[in-house]
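An overview of the molecular structure
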Amino acid sequence: MKGFIISLGQFVALLCLLMMLLQACARPANPTGGPIDEIPPALITEESTPNFQTNFEEREITLVFDEFVELKNSSKQIVISPPFTNFSKYTVKGKKITVEFPEDEQLREDATYQINFGSAIQDYTAGNTLENFSFVFSTGDIIDSLTLSGYVNDAATAEAVPEVLVMLYDNLSDTAFIKEKPFYFAKTDKEGKFEIRNIKEDTFQLFALLDANLSLTYDQPNESIAFYDTTIYLPDTNLNNVILELFDEREIPSVLKHEQKRKNYGVVRFSDEVREMKIEPLDELTAFRYLHEKDSCQYWYRTTLDSFMLEMSWEGSIDTLEIKNISKKKSAPKLSCLNSPVTESYFPGDSIILSFNNPLESYTISALSQIDSLDQFNIDSIRMDGKELIVRGRLIDTGIYSLTLLPEFVTDFYGNGIDSTVINFKGKSTSTLGNMKIIIQNKIDEGQYICELIDKGEKLIRSKTISRDSILVFNRVPGGNYTLKMIWDINENGYWDSGVLSTKTKAEKIRIFTLEELRDGWDLETSIDLKNQF
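Residues numbered from 1 in each chain as written. Predicted model: local features only at pLDDT ≥ 70, side-chain atom pairs only at ≥ 80, totals over all residues. Heavy atoms only, no water.

1. A few points about the overall build of the chain
Put simply, the test is: A run of H or I in DSSP counts as a helix once it spans at least four residues, and a run of E counts as a strand once it spans at least two, with each numbered from the N terminus. With a 1.4 Å probe rolled over the protein chains alone, any residue whose accessible area is under 20% of its type maximum counts as buried; one over 50% counts as exposed, and the rest are partly exposed. For this analysis, residues touch if any pair of their heavy atoms sits within 4.5 Å. The method behind every accessible area is Shrake-Rupley, applied with a 1.4 Å probe, and residues are considered shielded solely by the protein chains displayed. Note that His is not counted, nor are the chain ends; the positive residues are Lys and Arg, and the negative ones are Asp and Glu. We put the charge of a Lys on NZ, of an Arg on CZ, of an Asp on CG and of a Glu on CD.
For the chain, the count of helices and strands is 3 helices and 39 strands. Of all 534 residues assigned to the chain, the portion counted as buried reaches 40%. Look at the contacts in the chain between residues 6 or more apart in sequence, and 66% of them connect residues 24 or more apart. When the accessible surface of the chain is summed, it comes to about 29,800 Å², and 49% of that surface belongs to carbon and sulfur atoms. Distance from the positive charge centre (54 side chains) to the negative charge centre (82 side chains) of the chain: 7 Å.

2. Considerations on the pattern of salt bridges
Inclusion rule: By definition here, a salt bridge exists when the distance from a side-chain nitrogen of Lys or Arg to a carboxyl oxygen of Asp or Glu is within 4 Å.
The tally for this structure, following the rule as stated, stands at 17 salt bridges. A salt bridge links Lys 200 to Asp 170; the shortest N-O distance between them is 3.6 Å. With Lys 200 in the loop between strand E12 (193-199) and strand E13 (202-209) and Asp 170 in the loop between strand E10 (165-169) and helix H3 (176-179), this residue pair connects regions lying 30 residues apart in the sequence. Since its relative accessible area comes to 31%, Asp 170 is described here as partly exposed.

3. Considerations on the sheet that holds strand E33 (residues 433-441)
Here is the rule: Between any two strands, pairing holds if DSSP finds at least two bridges. Here an axis means a line fitted to C-alpha atoms, over the contact stretch when the element is a helix, while the angle between two N-to-C directions is reported on a 0 to 180 degree scale.
In spatial order, the strands read E36-E33-E39; together these 3 strands make up an open sheet with mixed pairing. Each end of this open sheet is capped by a strand with a single partner; those strands are strand E36 (470-478) and strand E39 (523-529). The sheet shows a mean angle of 20° between the axes of neighbouring strands, direction not considered. The pairing of E33 with E36 spans 7 bridges and is classified as antiparallel. By the bridge assignment for E36, Ile 439 is matched with Ile 471.

4. Focus: the pairing of strand E9 (residues 146-154)
Bridging between E9 and E12 involves 5 bridges; their strand directions are antiparallel. If you follow Leu 146 over to E12, its bridge partner there is Ile 199. Across 5 bridges, E9 lies against strand E16 (residues 242-246) in parallel orientation. Residue pairing across strands places Gly 150 opposite Val 242, the latter belonging to E16.

5. Looking at a nonpolar patch on the surface
Applied cut-off: Residues enter a patch when their relative accessible area is above 30% and they make no salt bridge; the linking distance is 9 Å between like charges and 5 Å between nonpolar side chains (Val, Leu, Ile, Met, Phe, Trp, Tyr).
Among the surface-exposed residues, Ile 371, Leu 374 and Ile 400 lie close enough to one another that they form a single nonpolar patch of about 240 Å² accessible area. Relative to the elements of secondary structure, Ile 400 occurs in strand E30 (residues 400-405). Residue Ile 400 is classed as partly exposed on the basis of its relative accessible area, which comes to 49%.

6. Describing the side chain of Asn 264
For clarity, the threshold we go by: As used in this structure description, the phrase polar contact means that two N or O atoms lie within 3.5 Å; if the pair is within protein, one of them must be able to donate a hydrogen and the other to accept it, and residues adjacent in sequence are counted only when both atoms belong to side chains.
Secondary-structure assignment places Asn 264 in the loop between strand E17 (255-262) and strand E18 (265-270). Among the polar contacts made by the side chain of Asn 264, one reaches the main-chain carbonyl oxygen of Tyr 301 at a distance of 3.2 Å. Ignoring sequence-local partners within four residues, the contact set of Asn 264 consists of Tyr 299, Trp 300, Tyr 301, Arg 302, Asn 325 and Tyr 414.

7. Here's the deal with the pairing of strand E34 (residues 448-455)
Of all 8 residues in E34, 8 are buried; the element is thus mostly enclosed. Residues Gln 448, Ile 450, Glu 452 and Ile 454 line one face of E34 and the alternating positions Tyr 449, Cys 451, Leu 453 and Asp 455 line the opposite face, and both faces are buried. Judged from the 8 bridges that link them, E34 and strand E37 (residues 482-489) form a sheet pairing that is antiparallel. Along E37, the bridge assignment pairs Ile 450 with Ile 487. Relative to strand E35 (residues 460-466), E34 runs antiparallel, the two being bridged by 6 bridges. Counted as the bridge partner of Ile 454 is Leu 460 from E35.

8. Some thoughts on the packing of aromatic side chains
Stated precisely, the cut-off is as follows: Working definition: rings of Phe, Tyr and Trp (its six-membered ring) pair if their centres are within 6.5 Å, and the pair is stacked with planes under 30 degrees apart, edge-to-face with planes over 60 apart, and tilted otherwise. Criterion for a charge above a ring: Arg CZ or Lys NZ at most 6 Å from the ring centre, at most 35 degrees from the ring normal.
One pass over the full model with this rule turns up 29 aromatic pairs. Ring geometry for Phe 288 against Tyr 290: centres 6.4 Å apart, planes inclined by 40°, an arrangement best described as tilted. The rings of Phe 56, Phe 84, Phe 101, Tyr 113, Phe 135 and Phe 137 are connected pair by pair, giving a single aromatic cluster. Across the ring face of Trp 522, the terminal group of Arg 519 is positioned such that the distance to the ring centre comes to 4.1 Å.

9. Focus on the sheet that holds strand E21 (residues 296-302)
With respect to topology, 4 strands assemble into an open sheet ordered E17-E18-E21-E20, the strand pairing being antiparallel. The two strands at the open ends of the sheet, each matched to only one other strand, are E17 and strand E20 (287-293). On average, each strand axis in the sheet is inclined to that of its neighbour by 15°, with strand direction left out of account. Summarising the sheet, E20 and E21 pair through 7 bridges and their orientation is antiparallel. When the bridges of E21 are listed, Tyr 290 appears paired with Tyr 299.

10. Let's talk about the side chain of Thr 404
With respect to the secondary-structure elements, Thr 404 resides in strand E30. Here Thr 404 is in contact with Ala 367, Leu 368, Ser 369, Thr 421 and Val 422, once residues within four sequence places are set aside.

11. Some details on the environment of Ala 176
Following the sequence through the fold, Ala 176 ends up in helix H3. Residues Ala 176 and Thr 217, 41 residues apart in the sequence, show an inter-C-alpha distance of 8.8 Å. Not counting chain neighbours up to four residues away, the residues in contact with Ala 176 comprise Tyr 169, Asn 171 and Gln 205.

Next comes the structure, spelled out in structure tokens:
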């Protein structure tokens, strides 16, 4: 009888198949039929390292459960407080989880440690989560038992912020938050709630941090922060629900780029939106104009000089630019109206805004003609603003209008006219417009309030500023759902100001109020009581 001979490749393939079969047999699975398993794993205390030990000296913790388990997203879910200098090692084998402390980790004397597993522990078969299981031990004679809880909200939106570190420091120096890891910390849940447990009796600083690089320190400029403006002494029964408001520290924008891609024109781009700025020529020019929009500033000039200097000033910063008057650059584009050929709709009483691609120098009303066969738009006034003409006139809601801009109607900064251009627009019914009256009561005496009416698409509709109890009136508003965003402008500079860590200045508070639906053609009257809101 001949022997059975297989090749090496066949032997390896058979071996791999055998291993896969064995693994499949060993893998636990849900039994078919019967009720669905919804019970999370339970700790078997008799077989695990005892919880709540004092004078703890071990370097490893063993947790044994009543079913097979796994750890999910352990780097984010598991929180050790006070924090270790290095990362712990987590090992899962069947029903057992082992936590090994870093080899060179020196535990603090007389400190109570808490290892909170968050949502990391799950059963292997059904994925049921053992929520917020904690292992607590003390290196001293007692287990500290004080607790601090509260919420973290976004200062700009007032919404809860999850996954934020809330941190207590027993080091009261100004640099502790930047240079050191906290003594205690916890993470906020999806409702923005936090709870730090097993705290010792002491005085602390309290901070919150959206930790971008998991360093447990404020070491990145893009990390959002919050702080409690005084030190906290525990126990203190008045601190059951601390509210921390998270903000991004605003830096003064810097110049990113200066471009001169066209003749007699340039643009300066900044790192962020610039609130207020001014540009002045330091040399005598024939003409100069600039237009600041958000994070950029365009400028136009006419001169016979080969070069000249500009001085820019914004938000306390000053810079100078040397401008080369290079004749070889491309000339400005031909003046054109950006409204054409779109047919836009306006309510009676609205201003008609004509937008152009170049800054404007002058206009002539007589060079504006209308087609006799259509409705006539009776113009009351025209105002020039940068690259726009704001035209006020009388139209009817069913009207159809056509304006012809003749070449001499408008002249740009360079003295160029426009090709004849037809602008079509029509009126729309005011039956969809309503009026709002909002009574504001119990305003705080300090500062002023910036009140912004926002539609459901997050678009700013109107804005008003008040310094005392007032009645806000918003007339001719399209029916729909709106919110009123109120900014407590403490320094009265007309802007929302973020916080400043170095001076312990908190971000200005914002509150958002949902209004009743405004029905088409109706009036809405409501009131907002600001007592205890700010």
